Amino acid sequence: MTPILLNCRGAECSEYTEQVQYVKNPHLESMEEDILYHFNLGTKTHNLPAMFGDIKFVCVGGSANRMRAFAQFMHQELGQPGHVDDIRDICEETDRYSMFKVGPVLSVSHGMGAPSISIMLHELIKLLYHSRCRDVILFRIGTSGGIGLAPGTVVITDKAVDSFFRPQFEQVVLGKVIVRSTELDEGLSKELLQCSTELPDIPTVIANTMCTHDFYEGQGRLDGALCSFSTEEKLEYLRKAHEAGVRNIEMESTVFAAMCRMCNLKAAVICVTLLNRFEGDQISTHHDVLVEYQQRPQGLVAHFIKKRLGLMA
Ligand SMILES: O=P(O)(O)O[C@@H]1C[C@H](O)[C@@H](CO)O1
Ligand SMILES: O=c1cc[nH]c(=O)[nH]1
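On a predicted model such as this, the values are computed, not experimentally measured, just so you know.

A. Layout of the overall build of the protein chain. Check the secondary structure of the protein chain and you find 7 helices and 12 strands. What you see for the protein chain is a C-alpha radius of gyration of 19 Å, in line with the 20 Å of a compact globule of 313 residues. Along the three orthogonal principal directions, the C-alpha set of the protein chain runs to about 60 × 50 × 35 Å. By the burial criterion, 41% of the 313 residues in the protein chain qualify as buried.

B. Local environment of the site of ligand 2. Near ligand 2 you find Thr143, Ser144, Gly145, Phe215, Gln219, Ile249, Glu250, Met251 and Leu274, and these make up its full shell. When residues of the shell around ligand 2 are traced back to their parent elements, those giving at least two are β6 (137–146) and β11 (246–250). Looking at side-chain class alone, the shell around ligand 2 contains 4 nonpolar, 4 polar and 1 charged residues.

C. A look at the pairing of strand β12 (residues 266–276). Along β12, 9 of the 11 residues are buried, which leaves the element largely enclosed by surrounding structure. When β6 meets β12, the two strands line up parallel, connected through 9 bridges. Of the residues in β12, the one forming a bridge with Gly146 is Asn276. As paired strands, strand β7 (residues 154–161) and β12 are joined by 3 bridges and run antiparallel to one another. When the bridges of β12 are listed, Val154 appears paired with Val272.

D. Structural view of the UniProt feature "domain: Nucleoside phosphorylase" (unreviewed entry) in the protein chain. The UniProt record annotates "domain: Nucleoside phosphorylase" (unreviewed entry) at residues 56–306. A distance of 12 Å separates the end C-alpha atoms of residues 56–306, which is 34% helix and 27% strand.

E. Spotlight on unusual backbone geometry. Residues other than glycine seldom take positive phi values, yet Asn40 does so here, at roughly 60°. Mapped onto the elements, Asn40 comes out in the loop between β1 (35–36) and β2 (41–42). Positive phi is not limited to glycine here, since Asn264 has a value of about 60°. In this structure, Asn264 sits in the loop between α6 (253–262) and β12. Exposure remark for Asn264: the 13 C-beta atoms within 10 Å place this residue in the partly exposed category.

F. Spatial organisation of α6. Of all the 10 residues making up α6, 8 are buried; the element is thus mostly covered by neighbouring parts of the structure. Among all positions of α6, only Ser253, Thr254, Val255, Phe256, Ala257, Ala258, Met259 and Cys260 are buried. Just downstream of α6, Asn264 is the residue with a positive phi angle, here 60°.

G. Broad picture of the nonpolar core. Counting residues in hydrophobic clusters, the biggest one holds 78 residues, and the most contacted among them are Val58, Cys59, Val108, Leu138, Phe256, Ile270 and Val301. There are two domains that each give this core at least three residues, and those are domain 1 (22–135) and domain 2 (143–284). Excluding anything up to four places from it in sequence, Ile270 contacts Phe139, Ile141, Val154, Ile156, Leu192, Pro297, Leu300 and Val301.

H. Summary view of the packing of helix α4 (residues 186–197) against helix α7 (residues 287–308). Contact pair α4 / α7: the axes reach a minimum separation of 9 Å and the direction vectors enclose 105°. Looking at the two axes, α4 sits roughly perpendicular to α7. Packed against α4, whose contacting residues are Glu191, Leu192, Cys195 and Ser196, the element α7 presents Leu300, His303, Phe304 and Lys307 at the interface. In terms of residue class, the contact of α4 with α7 is built from 4 nonpolar, 2 polar and 2 charged.

I. Main features of the UniProt feature "binding site: phosphate" (unreviewed entry) in the protein chain. The positions that UniProt labels "binding site: phosphate" (unreviewed entry) are, in the present scheme, Arg96, Arg140, Ile141, Gly142 and Thr143. Tracing the backbone shows Gly142 in strand β6. Given 26 C-beta atoms within a 10 Å radius, Gly142 is considered buried. If near-sequence neighbours (up to four positions away) are discounted, Gly142 is found in contact with Gly61, Gly62, Glu250, Glu252 and Cys271. Locating Thr143 in the fold gives a position in strand β6. Those residues within four positions of Thr143 in sequence are excluded, and the remaining contacts are Cys271, Val272, Leu274 and Gln294.

The rules behind these values
Residues numbered from 1 in each chain as written. Chains lettered and ligands numbered in written order. Predicted model: local features only at pLDDT ≥ 70, side-chain atom pairs only at ≥ 80, totals over all residues. Helix = DSSP H or I, 4+ residues; strand = E, 2+ residues; numbered from the N terminus. Rg over C-alpha atoms; globule rule 2.2 N^0.38 Å. Buried ≥ 20, exposed ≤ 12 C-beta atoms within 10 Å, placed from the backbone. Near = placed C-beta within 6 Å. Nonpolar A, V, L, I, M, F, W, Y, C, P; charged D, E, K, R; others polar. Pairing = 2+ DSSP bridges. UniProt positions renumbered as here; feature names shortened; annotations may be inferred. Core = buried A, V, L, I, M, F, W, Y, C linked by C-beta atoms within 7 Å. Domains from an automatic or database assignment. Contact = placed C-beta atoms within 7 Å. Axes fitted to C-alpha atoms, helices over the stretch in contact; angles between N-to-C directions. Parallel < 35°, antiparallel > 145°, perpendicular 65-115°, else oblique.

Shown next, in the form of structure tokens:
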């Protein structure tokens, strides 16, 4: 694995002659200013290349606190100067998303579900474009419900599939349905799996991930405020998902994969399972155990980043 160049900011970097286009929008060129509203950042108000030009890895996950903890963890892992408590939320003036920068690593929260992560990704990808970043890899590090796996297993997504087990994401644009592929980078997934074998206590598999638009009925749960099906119908659906190679369920992977693919960004989805859905719906595991589970995708990605940076002995 070739270590990547650090401190290489956009156009200053002589190793690269061509910029990969992360955005696919002809209208952006003619805009005098671009306001990234939900980040409270903009091309006129902020020097984005100076602030973000050296970003090489972006990690996203639902919760703001988890993404702050991940930034603090990366600060230690990368031996960054200064105190972890001084890592500030770059988006602190908005309460939509949180963003933390640690050297070449950006850690961003995206909230729950496809609409929330989609808005964040539009602005994040434009941020990378305006900052003239190159060779960036994106990771979604999250939680999920497992299908036939022991709780605590980390699933690296092979195919991100919808509720019909199709590897696609449907977006309604101007009243028409646009279908986008959710194919992820196979080499990156394999590299992450290799990293998991180099770490103790991170049981990891590569498998399909189902992305739903709801946590309760949408994931076949019997414990929501509404439920329109029987226990047997729920189990039959989970069995069908299992037959389709699905081993975990979450709520963002398809749109994350589709947008990264459209925008030429290498990406991977790494989610820990909090429970085995064949055994129940409620997440009743002790809080401390859940916290440790959530750290597993973080440890795996940290190991990958350190290897890529040539920081492993
Ligand atoms: O990144 P997180 O752990 O928030 O992702 C999953 C999918 C939903 O956003 C949420 C549901 O609890 O967890
Ligand atoms: O069951 C689960 C657990 C976490 N996240 C989900 O979307 N589903």
